[in-house]
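Spelled out, the chains give:
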Amino acid sequence: MMKNKKINSKFMTDHMQFMQAALDEAGKAMEIDEIPIGAIVTLNNKIIGRGFNSVIKNSDPTCHAEIMALRDAAHFLSNYRLPEVNLYITLEPCIMCLGAIFQARVKQVYFGAYDAKFHSCNPNQNLVNNQTINHHTLFEGGILEDECSTLLKNYFKDKR
């Protein structure tokens, strides 16, 4: 099942705090001239994994923020399955990262900015609600959307 609506305001405080932590990770990516996308993984309302884009620095196309945060959380728990965790990302995940999210069995994904070009979490894409996949994750977007979107827009504006 997919939820792709903005979260009710009574639930926003914790989500905003965690998304701010993801934005802090995005700032680390910007410091090394990477696209500023950050992610964190939480378990029982505690951060257990952090990551930011580092594809250029690591010469590795898989070093997206989500992948790095999931790796960090998996090492922390000594388990590649993460069925009780939440993942916070400053940008809607790409197809590669969706695959990692499903493989890790992430419980819930919260993201900030929507990816206007591909919009992978759109139910019409049939990626997040595909019934042939044996694990289903809940997705909610729009948390600190303006902040997440502005960070990315400013980065690309400065690059031009």
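Preceding this paragraph is the structure being described.
Report on the accompanying structure. (Residues numbered from 1 in each chain as written. Predicted model: local features only at pLDDT ≥ 70, side-chain atom pairs only at ≥ 80, totals over all residues. Heavy atoms only, no water.)

Re the overall build of the protein chain
Under the convention used in this document: Each helix is a run of H or I in the DSSP string that is no shorter than four residues. Each strand is a run of E no shorter than two, and both are numbered from the N terminus. Throughout this description, buried means an accessible area under 20% of the type-specific maximum (1.4 Å probe, protein chains only), exposed means over 50%, and partly exposed covers the range between. Only heavy atoms matter for contacts: two residues are in contact if any of them lie within 4.5 Å across the pair. Note on areas: these come from Shrake-Rupley sampling with a 1.4 Å probe, and a residue is covered only by the protein chains present in the view.
On a plain count of helices and strands, the protein chain comes out with five helices and five strands. The helix and strand sequence of the protein chain, counted from the amino end, reads α-β-β-α-α-β-α-β-β-α. A total of 160 residues make up the protein chain; the buried ones form 46% of that total. In the protein chain, the share of contacts with a sequence separation of at least 24, taken over all contacts with a separation of at least 6, comes to 61%. Per element, the accessible surface of the protein chain, about 8,600 Å² overall, is 52% carbon and sulfur.

Regarding unusual backbone geometry
Backbone geometry at Asn-45 places phi at a positive 65°, although glycine is not the residue there. Along the polypeptide, Asn-45 turns up in the loop between β1 (38-43) and β2 (46-52). Exposure remark for Asn-45: the relative accessible area of 54% places this residue in the exposed category. The phi torsion at Leu-144 lies on the positive side, around 50°, for a residue other than glycine.

Comments concerning the packing of aromatic side chains
Under the convention used in this document: Aromatic pairs are defined between Phe, Tyr and Trp rings, using the six-membered ring for Trp, whenever the two ring centres lie within 6.5 Å; interplanar angles under 30 degrees are classed as stacked, those over 60 as edge-to-face, and all others as tilted.
This model, assessed by the stated rule, comprises five aromatic pairs. Both rings, one in Tyr-88 and one in Tyr-110, keep their centres 4.8 Å apart while their planes meet at 20°; by these two values the pair is stacked. Residue Tyr-88 is located in strand β3 (residues 86-91), and its partner Tyr-110 is located in strand β4 (residues 108-113); the two are separated by 22 residues in the primary sequence. Using a relative accessible area of 2% as the deciding quantity, one classes Tyr-88 as buried. Geometrically, the ring pair formed by Phe-111 and Tyr-114 is edge-to-face, given 5.1 Å between the ring centres and 85° between the ring planes. Exposure remark for Phe-111: the relative accessible area of 0% places this residue in the buried category. Judged by relative accessible area, Tyr-114 falls into the partly exposed class, the value being 25%.

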